[in-house]
Amino acid sequence: MKLTNYKRLWGVLGVGLIALVCQFGLHQTRWAAWLVTIIGALIALLMFIDMIKTLRSGKFGVDLLAITAVIATLAVGEYWAALIVLLMLTGGDALEDFAASRANSELQSLLENSPQEAHLITADTVTAISIDQVQVGQHLLVKPGEAIPVDGTVLTGTTTVDESSLTGESRPVDKQPADPVMSGAVNGSTAIQIVATQTAANSQYQNIVRLVKQAENQPAHFVRMADRYAVPFTLGAYVIAGLAWWLSGDPVRVAEVLVVASPCPLILAAPIALVSGMSRSSRNGIIVKTGTTLEKLAQVRSFAFDKTGTITQGQLVVDQVLPQPGITAERLLQLAASAEQQSNHVLARSLLAANTTTVLTANDVAETTAAGVQATIDGQTVRAGKASFVTAEPIDKVAQTAVYVSAAGTYLGCVTFTDRVRPEAAQTMQALHGLGIDHLLMISGDQPAIAQQIAQEVGIDRVHADCLPADKIAILKQLPADQRPVAMVGDGVNDAPSLVTADVGIAMGAHGATAASESADAVVLKDDLTRVSTSATACDQMIPVYPNRRLPTTMAIVKMTPCRETDISKAFSALAVDWNTVV
């Protein structure tokens, strides 16, 4: 948040109030003139310096004309006109800052996933240290449910880790001694000891953050609609002002032309529209960080989606129950759920949720981490877990994540799991196709077969599977010009670089805590994928009556607020702009 813009606004308001008292209360016209001239010139100078910095960065906006109008009016002694233009300028800047700061403040609670400390093992003690202090070769303790602080190798203990936010695969991954682990992955229900193989700066999580920063340094090229016409309009105004001075011989004509040409209503209307649109979107569960995002969304031609947690729910649920002859599917699921009822494993919770019968009493329960559970149920020894754990018999294994079950040494069958597709996913894709967006992509780190199956189910046009964060960036950059601008929708840490690379990055932030929320241009706070198509639909309605005309950011107010042409006319009238002349 740029506090200087707020200070400038309060400064202009304060000067204006004091000048009014001086001129109309104390009848000291000269004091009012000098006060407005000195303070106004100072504020105009600061804004002019900022404008020069903006010009050096290759950007050009309509504010330059207004600033030169302030300088011209002060030079010819029209200090009240200068004050009004300054009020427009500083008010618009303050409103834009307010909108941006409000959006960012609502995201602070989402950014808590980054590992911050590690538990260093020294002799017989465990000490909490900052992850920046971790050195290669040090032994670390990772407690249950903690994020792994740095890349390393498991020394002791077996566990199951959740790498979905890093790799895009929703299935839990078993880890045992000598297996590698990545920073940012979430440990399961068992504590493990690891040896650091990388420092924090070189670990997987920081590599993703580094990709985000690189993408931020090479942003997608996009010019605000209002600024596209700023150069010819400003030059034209200067030419007319010069001609007016030359023909009349009166320098006051320069100030008059520049004040009339200054797009003060537009300067104020755009921030007002942004605040209105961003506030409305916030109430609808979509945090839009900048006004430019509103304009980009209106022109998006392609949508790219991550799979896990975006198209799917990101949670493994029971898919199929495959019993052997002699046992029913219901009985098989009941035994598996009963054996797993005391386990904290994610698959155990899914089994219990899917079981519709009475959970049987389990005695002598013993859980072997990353292998399975053994319990005595109805006088029989029941095992549920990996195939090698439950039976020594040769059996046909399934390609999906599965829990195999045996009783009294006899193999009974297995229960498979899948990451369930969001029920609103197909509706969302249909809505986007209805808007004329013909390029819907899935860019996932999951296996090709699974990604293809889900894409066909929801109606996605093209699939890119087995993608690392760098691969996602490359795919987005290689999209042809006729498929841009492109919007990327994701939720995991591994999606953050691609969200920055895309023209518009949209993060699914309902479950919080990812770098995706920090990197995205917009964040969907409700766990509802249709919010993505809703935002695109609203942007498509920015020009509801004149589809062949592209209006400036001012029209963003139409984006988030359903309104008729008469309502828009009233809004422009309040800003002293004739709607008919605008369109």
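Residues numbered from 1 in each chain as written. Predicted model: local features only at pLDDT ≥ 70, side-chain atom pairs only at ≥ 80, totals over all residues. Heavy atoms only, no water.

1. Some thoughts on helix α18 (residues 469–477)
Part 1: Among the residues of α18, Pro 469, Lys 472, Ile 473, Ile 475 and Leu 476 are the ones counted as buried. The arc that holds the buried residues of α18, viewed along the axis, is 165°, so those residues lie on one side. (Buried < 20%, exposed > 50% of the residue type's maximum accessible area, 1.4 Å probe, protein only. Helix = DSSP H or I, 4+ residues; strand = E, 2+ residues; numbered from the N terminus. Arc of directions from axis to C-beta.)

2. With respect to the pairing of strand β20 (residues 504–508)
Looking along a regular strand, one sees side chains alternate from face to face of the sheet.
Part 1: The element β20 is extensively covered by neighbouring structure, given that five of its five residues are classed as buried.
Part 2: Across the two faces of β20 the burial is the same, with Val 504, Ile 506 and Met 508 and Gly 505 and Ala 507 all buried.
Part 3: Pairing of strand β19 (residues 486–490) with β20, which is carried by four bridges, proceeds in the parallel orientation. Within β20, the residue paired with Val 489 across the bridge is Ile 506.
Part 4: Strand direction decides the pairing type here: β20 and strand β21 (residues 522–524), joined by three bridges, are parallel. Paired with Met 508 across the bridge in β21 is Val 524. (Pairing = 2+ DSSP bridges.)

3. Thoughts on the packing of helix α13 (residues 329–340) against helix α14 (residues 346–354)
Part 1: It is at 9 Å that the axes of α13 and α14 come closest, and there the two elements cross at 135°. With respect to α14, the axis of α13 lies oblique. Note on packing geometry: the crossing formed by α13 with α14 is left-handed. Here α13 contributes Leu 333, Ala 336, Ala 337 and Glu 340 to the contact with α14, which in turn contributes Ala 348, Leu 351, Leu 352 and Ala 354. (Axes fitted to C-alpha atoms, helices over the stretch in contact; angles between N-to-C directions. Parallel < 35°, antiparallel > 145°, perpendicular 65-115°, else oblique. Left-handed = near helix turned anticlockwise from the far one by under 90°. Contact = heavy atoms within 4.5 Å.)

4. Let's talk about the sheet that holds β19
Part 1: With respect to topology, seven strands assemble into an open sheet ordered β9-β21-β20-β19-β10-β17-β18, the strand pairing being mixed. Whereas interior strands pair on both sides, the edge strands pair on one side only; in this sheet they are β9 (286–288) and β18 (462–464). The sheet shows a mean angle of 20° between the axes of neighbouring strands, direction not considered.
Part 2: Where β9 meets β21, three bridges bridge the pair, whose relative direction is antiparallel. When the sheet's bridge partners are listed, Ile 287 is paired in β21 with Val 523.

5. Considering the nonpolar core
In a soluble, globular protein the nonpolar side chains are often hidden away together inside.
Part 1: Within the largest apolar cluster, 29 residues are counted, with the highest numbers of intra-cluster contacts made by Phe 303, Phe 305, Ile 311, Ile 506 and Leu 529.
Part 2: Here this core gets four residues from one element, more than from any other, and that element is helix α17 (residues 448–458). (Core = buried A, V, L, I, M, F, W, Y, C linked by side-chain atoms within 4.5 Å.)

6. Observations concerning the confidence of the model for the protein chain
For residues with low pLDDT, the predicted coordinates do not support detailed interpretation.
Part 1: Summarising the model, the protein chain shows a mean pLDDT of 75, and 72% of its residues fall at 70 or more.
Part 2: Considering only residues more than four positions removed or in separate chains, one finds that residues 103–113, a stretch of pLDDT under 50, has 26 contacts.
Part 3: In this model residues 542–583 is a low-confidence stretch, pLDDT under 50, and it forms 69 contacts with partners more than four residues away in sequence or in other chains. (pLDDT = per-residue confidence, 0-100.)

7. Focus: the pattern of salt bridges
Part 1: Evaluation of the coordinates by the stated rule reveals five salt bridges.
Part 2: The partner of Arg 422 in a salt bridge is Glu 424, and the shortest N-O contact between them spans 3.5 Å. Judged on exposure class, the residue Arg 422 and its partner Glu 424 are both buried. (Salt bridge = Lys/Arg side-chain N within 4 Å of Asp/Glu carboxyl O.)

8. Here we look at the side chain of Thr 159
Part 1: Secondary-structure assignment places Thr 159 in strand β5 (residues 159–161).
Part 2: A distance of 2.8 Å separates the side chain of Thr 159 from the side chain of Asn 187, its partner in a polar contact. (Polar contact = N/O pair within 3.5 Å; in protein donor to acceptor, adjacent residues only side chain to side chain.)

9. Some points on a nonpolar patch on the surface
Part 1: Together, Leu 17, Val 21, Leu 26 and Trp 31 make up a nonpolar patch on the protein surface, roughly 430 Å² of accessible area in all.
Part 2: Residue placement: Leu 17 occurs in helix α1 (residues 3–25). (Patch = residues over 30% accessible without salt bridge, like charges linked within 9 Å, V, L, I, M, F, W, Y side chains within 5 Å. Areas by Shrake-Rupley, 256 points an atom, 1.4 Å probe, with all protein chains shown as cover.)

10. Concerning the packing of aromatic side chains
Part 1: Applying the stated criterion to the full structure yields two aromatic pairs.
Part 2: Positioned over the ring face of Phe 389 is Arg 383, at 4.7 Å from the centre of the ring. (Phe/Tyr/Trp six-rings, centres within 6.5 Å; stacked < 30°, edge-to-face > 60°. Lys NZ or Arg CZ within 6 Å of the ring centre and 35° of its normal.)

11. Section: the sheet that holds strand β3 (residues 139–142)
Within a sheet, adjacent strands bond to each other through the backbone by hydrogen bonds, running parallel or antiparallel.
Part 1: Strand order in the open sheet made by the six strands is β2-β1-β3-β8-β4-β7, with antiparallel pairing throughout. The open sheet has two edge strands with one neighbour each: β2 (125–130) and β7 (180–181).
Part 2: Relative to β3, strand β1 (residues 117–122) is paired through two bridges, and the arrangement is antiparallel. By the bridge assignment, His 119 is partnered in β3 with Leu 141.

12. Looking at unusual backbone geometry
Part 1: For the peptide bond that leads from Arg 484 to Pro 485, omega is 5°, which places it in the cis range.
Part 2: Positionally, Pro 485 belongs in the loop between α18 and β19.
Part 3: Even without being glycine, His 27 reaches a positive phi, approximately 60°.
Part 4: Assignment of secondary structure puts His 27 in the loop between α1 and α2 (29–56).
Part 5: You can call His 27 exposed: its relative accessible area is 61%.
Part 6: Phi at Asp 364 is positive, roughly 50°, even though this residue is not glycine.
Part 7: Tracing the backbone shows Asp 364 in strand β12 (residues 363–368).

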